[in-house]
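Report on the structure
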Amino acid sequence: ADRLAAGAGGQADAALARMRRRLDKALDARMAQATSHVDRAAAQRVVESARTLGLPTARIDALVARANDIPGAGDALPGDASMRLVRSGDGLVAIAVRQVSRADYARFANATARPEALCRQRISLLRLVRPISWQTPGFAQSPSQPVVCVSWGDASAYAQWLGRRTGFRYRLPNAGEERALPATGGSRAISEWLGQCGNGCGERLGAGRSWRGPSGTRPLDPGRGYDDVGFRLVREL
């Protein structure tokens, strides 16, 4: 286009300027998309496109700076320091540093009138006369500590509810994501629900060390809560 404009003796300057403005707008849109998806590889492709097209050095440098500002695995999610970026397959997802707290879950339960799940613990006569739930798990908890005694269905419903409120897509983590960033929580070690199935999806997996002793992954009944299992969320980018 530059050569054609030069050959036209300046008659095509206005058309060339319009094309350059459209090109700048297109590159800005692609860089913005790469930034919103925390995709460094896509941002670098925008920079290479700008170099191939022969954009001015100052314009290329500005795009390089924007690409370099995109965080990578291990960094905090921009705008939400409670989540960290981890590698998942060929891309990145954001996973919560902490498990969902009692206070967070209470807001959801109150807003949706979610009934309490039956909660399983070791068999005892006390359990028969005093059932436990996420509000009364059988031990003292503060509002900021991880909620327990919630089923896999409860955890999934919470993720969908939060997504509707925020406009983002949330889900439960898979085993690789859970291992990439161990959760921090209260004084009791709490396992967490995973999105993956156990045996034929009649069971769902729980993972992580529990104050009751188990570690690794274990199949659990998805319709029940457990007094040593909570959950945290992954946000799709």
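Residues numbered from 1 in each chain as written. Predicted model: local features only at pLDDT ≥ 70, side-chain atom pairs only at ≥ 80, totals over all residues. Heavy atoms only, no water.

**Concerning the overall build of the protein chain**
- Within the protein chain, the secondary structure is distributed over 8 helices and 11 strands.
- Over its C-alpha atoms, taken along the principal directions, the protein chain stretches across nearly 95 × 35 × 35 Å.
- Burial status across the protein chain gives 40% buried among its 237 residues.
- Taking as baseline every contact in the protein chain between residues at least 6 positions apart, the subset at least 24 positions apart corresponds to 59%.
- About 13000 Å² of surface is accessible on the protein chain, with carbon and sulfur atoms providing 52% of the total.
- Counting 35 positive and 22 negative side-chain charges, the protein chain places the centres of these two groups 4 Å from one another. (Helix = DSSP H or I, 4+ residues; strand = E, 2+ residues; numbered from the N terminus. Buried < 20%, exposed > 50% of the residue type's maximum accessible area, 1.4 Å probe, protein only. Contact = heavy atoms within 4.5 Å. Areas by Shrake-Rupley, 256 points an atom, 1.4 Å probe, with all protein chains shown as cover. Lys, Arg positive; Asp, Glu negative; His and termini not counted. Charge placed at Lys NZ, Arg CZ, Asp CG, Glu CD.)

**Things to note about the environment of V46**
- Its location among the elements puts V46 in helix α3 (residues 40-52).
- V46 sits in the buried class, given a relative accessible area of 5%.
- Separated by 37 residues in sequence, V46 and M83 have C-alpha atoms that sit 27 Å apart.
- Dropping the residues within four chain positions of it, V46 is found in contact with L27, R30, M31 and L63.

**What to know about the sheet that holds strand β7 (residues 204-207)**
- With mixed pairing, the 4 strands of this open sheet are ordered in space as β8-β7-β6-β10. The open sheet terminates on both sides in strands that have one partner only, identified here as β8 (217-220) and β10 (229-230).
- Examined bridge by bridge, β7 and β8 share 4 bridges and lie antiparallel to one another. The residue bridging R204 from the neighbouring strand is L220, located in β8. (Pairing = 2+ DSSP bridges.)

**Thoughts on the pairing of strand β3 (residues 91-96)**
- Counting buried positions along β3 yields 5 of 6 residues, so the element is predominantly enclosed.
- Both strand β2 (residues 80-88) and β3 contribute to a ladder of 6 bridges, which runs antiparallel. Among the inter-strand pairings, S88 is bridged to a residue of β3, identified as G91.

**Some thoughts on the state of the cysteines**
- Within this structure, the stated rule accounts for 2 disulfides.
- With a sulfur-sulfur separation of 1.6 Å, C197 is cross-linked through a disulfide to C201. Its S-S torsion of approximately 65° makes the covalent link between C197 and C201 right-handed.
- In the protein chain, the bonded cysteines, taken in the order they occur along the sequence, pair up as 1-2, 3-4. (Disulfide = S-S within 2.5 Å.)

**Brief notes about the packing of helix α2 (residues 13-36) against helix α4 (residues 57-68)**
- Closest axis-to-axis distance for the α2/α4 pair is 11 Å, and the angle between their directions is 10°. Here α4 runs roughly parallel to α2, going by the angle between their axes. As α2 packs across α4, the resulting crossing turns out to be right-handed. Residue-level inspection shows D24, L27, D28, M31 and A32 of α2 in contact with α4, the latter providing R59, L63, R66 and A67.
- Across the contact of α2 with α4, the residue classes break down as 5 nonpolar, no polar and 4 charged. (Axes fitted to C-alpha atoms, helices over the stretch in contact; angles between N-to-C directions. Parallel < 35°, antiparallel > 145°, perpendicular 65-115°, else oblique. Left-handed = near helix turned anticlockwise from the far one by under 90°. Nonpolar A, V, L, I, M, F, W, Y, C, P; charged D, E, K, R; others polar.)

**Re the packing of aromatic side chains**
- Applying the stated rule across the entire model yields 10 aromatic pairs.
- Considering the side-chain rings of Y105 and F231, the 6.4 Å spacing of their centres and the 80° angle between planes classify their relative orientation as edge-to-face. Taken as a pair, Y105 in helix α5 (residues 102-112) and F231 in the loop between β10 and β11 (234-235) lie far apart in primary sequence, 126 residues in all. In this pair, the class of Y105 matches that of F231, namely buried.
- Cluster of aromatic residues (ring-pair linked, three or more members): Y105, F108, W134, Y158, W161 and F231.
- Over the face of the ring belonging to W211 we find R188, whose NZ or CZ atom lies 4.5 Å from the ring centre.
- For the cation-ring pair, R204 lies above W152, with the distance from its terminal atom to the ring centre recorded as 3.8 Å. (Phe/Tyr/Trp six-rings, centres within 6.5 Å; stacked < 30°, edge-to-face > 60°. Lys NZ or Arg CZ within 6 Å of the ring centre and 35° of its normal.)

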